[in-house]
Amino acid sequence: MTARKESLESAARAAESEGDFRAAVAARRELAQQEPRSAEAWLALAGALKKAGEPRDSIAAYRKALECGAPPAKVHLQLGALHMTLSDYPIAQEHLEQVPEGDPDHGDALCMLGILMNDLARFDDAVRYFERAIERNPGFSEAHFNLGLAHFERSDFRSASRSFTRCVELRRGGLWGGDRSALLRREPVPQFDAMDMGVNEIKLRHDCEQLEYLLDLGRLPPAFREVLDDYRSLLEEIRGRVDASSVIPFDAARHPLVARTYKRPVHISEEPSPSGPLVNPNVDFRDAEDRYLSAKPNLASFDAVLTPQALAALRRFCRESTIWNNVKTGYLGAYFFDGFCSELLLRLASELRERLPRVIRGLPLQMMWGYKCDSALPGLGAHADAAAVNVNFWITEDEANLDPQRGGLLVYTHDAPKDWGFRKFNCDSETIRQYLESVGSVPVRVPYRANRAVIFDSDLFHATDDPHFREGYLNRRINITILYGVRPM
């Protein structure tokens with residue numbers, strides 16, 4: 001390898017490790033130009049372009065790799081996935097069906113074909129693909145999750161719940177039941193990778209508060225007082241050593257009770273969801289739809305979205321369940337595929353779709369999550385979501401919010417450009433900022449109110465509006481997001 005090629009390869013790897021995908025693409029592109037017949041060079045460029053959120057350019061690079069002799073099955077799998085992100089379903093299906101049955105990637109292709117069928121509302125076909133993928137690999141958590149979505153769309157909530165639960169069990173282990181004190185003495189299964197076991201002050205502070213809350217309620221046995229002490233000890237040990245956007249490893253031998261319980265389902269609120277409607281029947285949903293459909297861009301908000309019983313049940317689920325596993329900058333996330341999947345939430349997602357027929361009826365449920373913020377740290381920066389319609393609502397009491405004019409949502413008046421890939425419109429904050437400045441986009445401010453919902457076109461850039469909430473576990477700002485439909489490309 002020439003000195004120039006060695007330099008470019010080093011630059012590409014350094015950029016990839018730092019998450020600088022634009023720099024990685026530049027280096028990989030030059031390498032591919034220097035070796036135009038190298039399948040390996042084109043594959044590396046295609047992968048970098050995919051990570052940079054450039055799906056069309058990534059497709060072109062994968063096609064070049066195929067021409068240069070890259071392994072066909074692997075390339076067809078990637079091309080199928082990329083065409084799915086562009087809603088080019090017939091082309092995606094053509095590529096995925098070219099992954100042969102005996103290939104190691106065949107199970108992935110079956111799962112993606114099932115996802116494609118879900119997107120096309122062919123839910124019976126989707127179920128068959130997912131079941132074939134699971135038959136091939138019973139531990140395929142993504143297939144279990146998407147099978148749950150297909151069952152949900154067939155209104156089979158019991159089967160959906162079983163599939164979602166199995167997905168979570170594969171990721172986090174089974175729900176801790178029976179003698180939980182005895183479980184503290186066992187090594188946890190499955191093992192998590194080093195990155196998933198990373199900690200910072202935001203996550204540990206939350207977990208200390210939640211453990212104390214659950215102990216005070218009697219939801220955890222007294223033996224968990226020692227667990228809480230271990231978490232507090234680790235929090236003091238790392239204080240000031242890591243910023244809000246990073247995590248660091250910890251010594252499991254020094255903190256064995258943290259190591260055995262961290263990000264595990266040690267308690268899930270399993271109270272039956274309330275009987276009767278969850279969505280407030282007194283809300284004028286027709287007016288909300290009229291305002292959404294007439295607004296340019298599509299955006300509307302309305303209050304008292306949930307019945308009092310549903311709101312109380314959802315607060316219990318979010319405050320008691322140990323599912324807040326995704327560590328963000330200033331907040332924590334709980335995702336549909338990682339525990340945010342109770343029967344209450346499934347019923348709620350179904351009822352909302354029925355109550356807003358002109359906006360979301362007929363659009364498949366794509367994703368749900370909850371975010372729980374620190375008291376005064378920033379929430380989400382500007383981003384767009386990979387869906388058609390976003391329903392966002394807040395559940396923490398108004399008394400917790402120190403600034404009633406803020407703390408809610410900023411929705412910008414411009415869409416994410418259609419040619420941007422997911423990583424670019426969802427994660428590339430600097431490019432998003434430059435774009436919004438260049439088009440002079442001014443956000444619409446929706447102030448925080450408990451039980452207020454905001455519905456808007458998921459293509460619109462949006463951000464958390466500078467939250468300032470009181471200290472204390474019950475005062476943490478909690479927002480719920482439900483996404484419906486597929487992002488048009």
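Participant: What am I meant to see in unusual backbone geometry here?
Facilitator: Both trends apply: most residues other than glycine have a negative phi, and most peptide bonds are in trans. Cis rather than trans, the peptide bond between V189 and P190 has omega equal to 0 degrees. In this fold, P190 is placed in the loop between α11 (180-183) and α12 (201-217). Following K296, the chain continues into P297 via a peptide bond in cis, with omega recorded as 5 degrees. With respect to the element layout, P297 can be found in the loop between α15 (285-294) and β1 (299-302).

Participant: Please explain the packing of aromatic side chains as it appears in this structure.
Facilitator: Working definition: an aromatic ring pair is given by the centre-to-centre distance plus the angle between the planes. Within the structure shown, the criterion is met by 21 aromatic pairs. With a centroid separation of 6.2 Å and an interplanar angle of 90 degrees, the aromatic rings of F145 and F337 are classed as edge-to-face. Of this pair, F145 sits in helix α9 (residues 141-153) while F337 sits in the loop between β3 (331-335) and α17 (343-355), and the two are 192 residues apart along the sequence. For F337, a relative accessible area of 27% puts it in the partly exposed group. Among the aromatic residues, ring-to-ring pairing joins F145, F164, Y331, Y335, F336, F337, W369 and Y371 into one connected group. The aromatic ring of F192 is capped on one face by R172, whose charged end is 4.8 Å from the ring centroid. The ring centre of F192 lies 3.8 Å from the NZ or CZ of R264, which sits over that ring.

Participant: Sorry if this is basic, but what is going on with the sheet that holds strand β7 (residues 444-446) here?
Facilitator: To summarise the sheet geometry, strands pair through backbone hydrogen bonds and adopt either a parallel or an antiparallel arrangement. The sheet built from three strands is open, its strands ordered β7-β6-β9 with antiparallel pairing. Sheet topology places β7 and β9 (460-464) at the edges, where each strand pairs with a single neighbour. Shown here is a sheet whose adjacent strand axes are inclined to one another by a mean of 25 degrees, direction ignored. For strand β6 (residues 409-415) and β9, the ladder comprises four bridges, and the chain directions are antiparallel. Residue pairing in the sheet places L409 in a bridge with T464 of β9.

Participant: Quick question: what am I supposed to make of the sheet that holds strand β4 (residues 365-373) here?
Facilitator: Ordered in space as β1-β8-β5-β10-β4-β3-β2, the seven strands form an open sheet in which the pairing is antiparallel. Edge strands, defined here as strands with exactly one partner in the open sheet, are β1 and β2 (326-327). Pairing of β3 with β4, which is carried by five bridges, proceeds in the antiparallel orientation. Bridged to Y335 within β4 is W369. Relative to β1, α15 is tilted by about 155 degrees, and along the sheet it contacts β1, β5 (389-394) and β8 (453-457). Lying over the sheet, helix α16 (residues 308-320) contacts β4, β5 and β10 (478-484), oriented at roughly 105 degrees with respect to β10.

Participant: Whenever I open this one, α12 confuses me. Can you help?
Facilitator: An α-helix turns once every 3.6 residues. As a result, residues three or four positions apart point the same way. With 17 residues, α12 should cover 24 Å at 1.5 Å per step; its first-to-last C-alpha distance of 24 Å lies within 8% of that length. Counting buried positions along α12 gives 12 out of 17 residues, so the element sits mostly inside the fold. Among the residues of α12, E201, I202, K203, L204, H206, D207, C208, E209, Q210, L211, L214 and L215 are the ones counted as buried. Among the structural elements, α13 (224-238), α16, β2, β3 and β4 are those in contact with the buried residues of α12. N-cap assignment for α12: the residue whose side-chain oxygen lies 3.2 Å from the backbone N of I202 is N200. Phi for G218, located one or two positions after α12, is positive at around 80 degrees.

Participant: Looking at this structure, I do not really get helix α8 (residues 123-136). What am I missing?
Facilitator: End to end, α8 covers 20 Å across 14 residues, agreeing with the expected 20 Å (1.5 Å per residue, within 8%). Turning to α8, its buried residues are F123, A126, V127, Y129, F130, A133 and I134. Angularly, the buried residues of α8 cover 165 degrees about the axis, an arc narrow enough to put them on a single face. Close packing links the buried residues of α8 with α7 (106-119) and α9.

Participant: I'm lost on the side chain of D119 in this one. Help?
Facilitator: You can see D119 is positioned in helix α7. Put simply, D119 is tucked away with no salt bridge, and the nearest opposite charge, on R353, sits 11 Å away. Within the local environment of D119, its side chain forms a polar contact with the side chain of Y89, the two groups lying 3.5 Å apart. Those residues in contact with D119 that lie beyond four places of it in its chain are Y89, Q366 and V486.

What counts, and where the lines are drawn
- Residues numbered from 1 in each chain as written.
- Predicted model: local features only at pLDDT ≥ 70, side-chain atom pairs only at ≥ 80, totals over all residues.
- Heavy atoms only, no water.
- Helix = DSSP H or I, 4+ residues; strand = E, 2+ residues; numbered from the N terminus.
- Phe/Tyr/Trp six-rings, centres within 6.5 Å; stacked < 30°, edge-to-face > 60°.
- Buried < 20%, exposed > 50% of the residue type's maximum accessible area, 1.4 Å probe, protein only.
- Lys NZ or Arg CZ within 6 Å of the ring centre and 35° of its normal.
- Pairing = 2+ DSSP bridges.
- Axes fitted to C-alpha atoms, helices over the stretch in contact; angles between N-to-C directions.
- Contact = heavy atoms within 4.5 Å.
- Expected span 1.5 Å × (residues − 1).
- Polar contact = N/O pair within 3.5 Å; in protein donor to acceptor, adjacent residues only side chain to side chain.
- Arc of directions from axis to C-beta.
- Lys, Arg positive; Asp, Glu negative; His and termini not counted.
- Salt bridge = Lys/Arg side-chain N within 4 Å of Asp/Glu carboxyl O.

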